[in-house]
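Structural features, examined
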Amino acid sequence: MAAVYLGADGGSPEGVDLGADGRSPGGVSLEADEGSVAAELKRTGLEAAPADHCYAGPEDVACDFCTGRKLRAVKSCLVCLASYCEKHLQPHYESPTFKKHKLVEPSKKLQENICSRHDEVMKMFCRTDQQCICILCSMDGHKGHDTVSAAAERTERQRELEGSRHNIQQRIQDREKEVKVLQQEVEAINGSADKAVEHSEKIFTQLIHLFRKRRSDVKQQVRSQQETEVSRVKELQEKLEQEITELKRKDAELKKLSHTEDHTQFLHNYPSLSALSESTHSSSIKIRPLKYFEDVTAAVSEVRDKLQDVLRETWTNISLTVTEVDVLLSQPENMTRADFLRYSCEITLDPNTAHTQLLLSEGNRKATRMEDEQSYSDHPDRFTGLQQVLSRESLTGRCYWEVEWRVGVGVAVAYKNISRAGSSDECKFGFNDKSWRLFCFTNSYYFYHNKVRTPVSGPRSSRVGVYLDHRAGILSFYSVSDTMILLHRVQTTLTQPLYAGLYLLVLDATAEFHDE
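Residues numbered from 1 in each chain as written. Predicted model: local features only at pLDDT ≥ 70, side-chain atom pairs only at ≥ 80, totals over all residues. Heavy atoms only, no water.

The protein chain has the name B30.2/SPRY domain-containing protein in an unreviewed UniProt entry, where Sparus aurata is given as its organism.

1. Considerations on the sheet that holds strand β2 (residues 82-84)
If you walk across this open sheet you meet the three strands as β2-β1-β3, and the pairing is antiparallel. Every other strand in the sheet has two partners, leaving β2 and β3 (103-104) as the edge strands with one partner each. This element, helix α2 (residues 86-94), spans β1 (75-77), β2 and β3 of the sheet and lies at about 110° to β2. (Pairing = 2+ DSSP bridges. Helix = DSSP H or I, 4+ residues; strand = E, 2+ residues; numbered from the N terminus. Contact = heavy atoms within 4.5 Å. Axes fitted to C-alpha atoms, helices over the stretch in contact; angles between N-to-C directions.)

2. Examining the packing of aromatic side chains
Counted according to the given criterion, the structure contains 12 aromatic pairs. With a centroid separation of 5.6 Å and 80° between ring planes, the pair formed by F383 and F429 is classed as edge-to-face. Of this pair, F383 sits in the loop between β8 (366-369) and β9 (388-395) while F429 sits in the loop between β11 (408-415) and β12 (435-441); the two residues are 46 residues apart in sequence, bridging distant segments of the chain. Residue F383 is classed as buried on the basis of its relative accessible area of 1%. Ring pairing ties together the aromatic residues F340, Y343, Y400, Y467 and Y478, which thus form one cluster. Across from the ring centre of Y55, 3.8 Å away, lies the NZ or CZ of R69, which sits over that ring. For R453, the ring lying beneath its charged end belongs to Y446, and the centroid distance is 3.7 Å. (Phe/Tyr/Trp six-rings, centres within 6.5 Å; stacked < 30°, edge-to-face > 60°. Buried < 20%, exposed > 50% of the residue type's maximum accessible area, 1.4 Å probe, protein only. Lys NZ or Arg CZ within 6 Å of the ring centre and 35° of its normal.)

3. Examining the UniProt feature "coiled-coil region" (unreviewed entry) in the protein chain
In this numbering, the UniProt entry assigns the feature "coiled-coil region" (unreviewed entry) to residues 165-192 and 223-260. Structurally, residues 223-260 is divided into 95% helix and 0% strand, and its ends, taken at the C-alpha atoms, are 55 Å apart. (UniProt positions renumbered as here; feature names shortened; annotations may be inferred.)

4. A word on the packing of helix α4 (residues 150-206) against helix α6 (residues 263-274)
Packed helices, taken two at a time, are described by their axes: the angle between them and the distance between them. Between α4 and α6, the shortest axis-to-axis distance is 10 Å and the interhelical angle comes to 35°. Pair α4 / α6 crosses with left-handed handedness. Touching A150, A151, E153, R154, R157, Q158, E160, L161 and S164 of α4 are H263, F266, L267, Y270 and S274, all from α6. Here the residues of the contact of α4 with α6 sort into six nonpolar, four polar and four charged. (Left-handed = near helix turned anticlockwise from the far one by under 90°. Nonpolar A, V, L, I, M, F, W, Y, C, P; charged D, E, K, R; others polar.)

5. Comments concerning the environment of E153
When you line up the elements, E153 lands in helix α4. Between the alpha carbons of E153 and C126 there is a distance of 9.1 Å; along the sequence they are 27 residues apart. Non-local contacts of E153, meaning those with residues more than four positions away in its chain, are made with F125, R127, V148 and L267.

6. Points about the pairing of strand β16 (residues 474-480)
In terms of residue burial, β16 counts as a mostly covered element, since seven of its seven residues are buried. Side-chain alternation along β16 places I474, S476, Y478 and V480 on one buried face and L475, F477 and S479 on a second face that is also buried. Across six bridges, the pairing between strand β15 (residues 463-469) and β16 is antiparallel. The residue bridging G465 from the neighbouring strand is Y478, located in β16. Remark: four residues form the turn of the hairpin made by β15 and β16, two consecutive strands paired antiparallel; G473 in that turn has positive phi of roughly 70°. Judged from the seven bridges that link them, β16 and strand β17 (residues 484-491) form a sheet pairing that is antiparallel.

Okay, here's the thing in structure tokens:
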């Protein structure tokens, strides 16, 4: 039993001086004390054979003082740098000699508390070098450095840890709120889609003999769009739930670390656990109220009232209405180029609208201003006085496209009923209430609408991105390079489908549409 009263080096316990007669300062011999402790152990029955589950297994910390088969340690002493089973721990509880010793949960890493250079316990922390040191290190290699006790540094880092936990818990609450919002959005999409399908079925039943195929097409479009939107919302929901799980795991690790009684182990582990990763998603989810699929019902009702137009313009409107159903999970200012490309559309130029000095190429996706006139036939849609051209495709819903330009080009959108003959303001992109134009020149950008000229600042790039949200009335122009920078945004009310347009101001100017 005497061994349990010795320090880690086999000598006297740390902080206890033995007299010449081998007695403690209180005059009590270790042998006599040992006898009383042994008697007490015998009295309490601790010397009885332990149960099998009390022996140390591969994952347990073993008692350093058991001989033969070792018992599982119940505490480790940071002063003795040893681990004790319940039996050998008793002197730490009963003898004043060990009153100031620090007991912690069993640890296999006690030797990491010893300075490899001086073989001393590391009770200090060097803030200059961000490492634990012993008292001799502070007078040697770390002399003149900013040093404090490990306990003081632990207190400071503990405050930081609590701040990190607070931030994590706040983020968890925010994400949980966002998950609820998204779940409500899923329910709204499903409910709206179900109603749209139900009403469409009733209307198509009345017209089954006229457009049986159209009925199934609408149903398929609604369901397909429903699946797409629900899938996208749920994907974001899953990512947020994954972030919540990760934050909770991180919080649990920090909580466990905050309860570590060993200052040195706390400081060893703190740097790797304190770092908090950036959120993978926006700090808040913004859902813009939409009608979802209700417009499908309205469009189908219109078909019922206008049977003669079913196979012409009205059917196109139904298809477009279904396509426009969407949930905006982030505002345009928060969207990346990849987000915009989800709405990319292929745009081709209409030769019947092209001014005769414009040469169309690359499948009518590129326009070049030439000195000589091209041999276009006469057409009422052609621009006759301005070097302009419009797209074949009408633009509704959400659309995105990019224009690669050179020299001097106006990137525009316009209503179909813009004037074509002559060079008056009623024909010129940006000089009337039927068109909007971003003028791109070598050293400047200008935006025009209804004769109002607005200087635009932003990085120069040979590629301009255009984003249209027709229903929301948003028209945005971006400088596209390695990143996307917003140049100008318009918020207005759009009353007709738009057409993409180009205005080539000088000879040899070129512009080409891209959708990726």
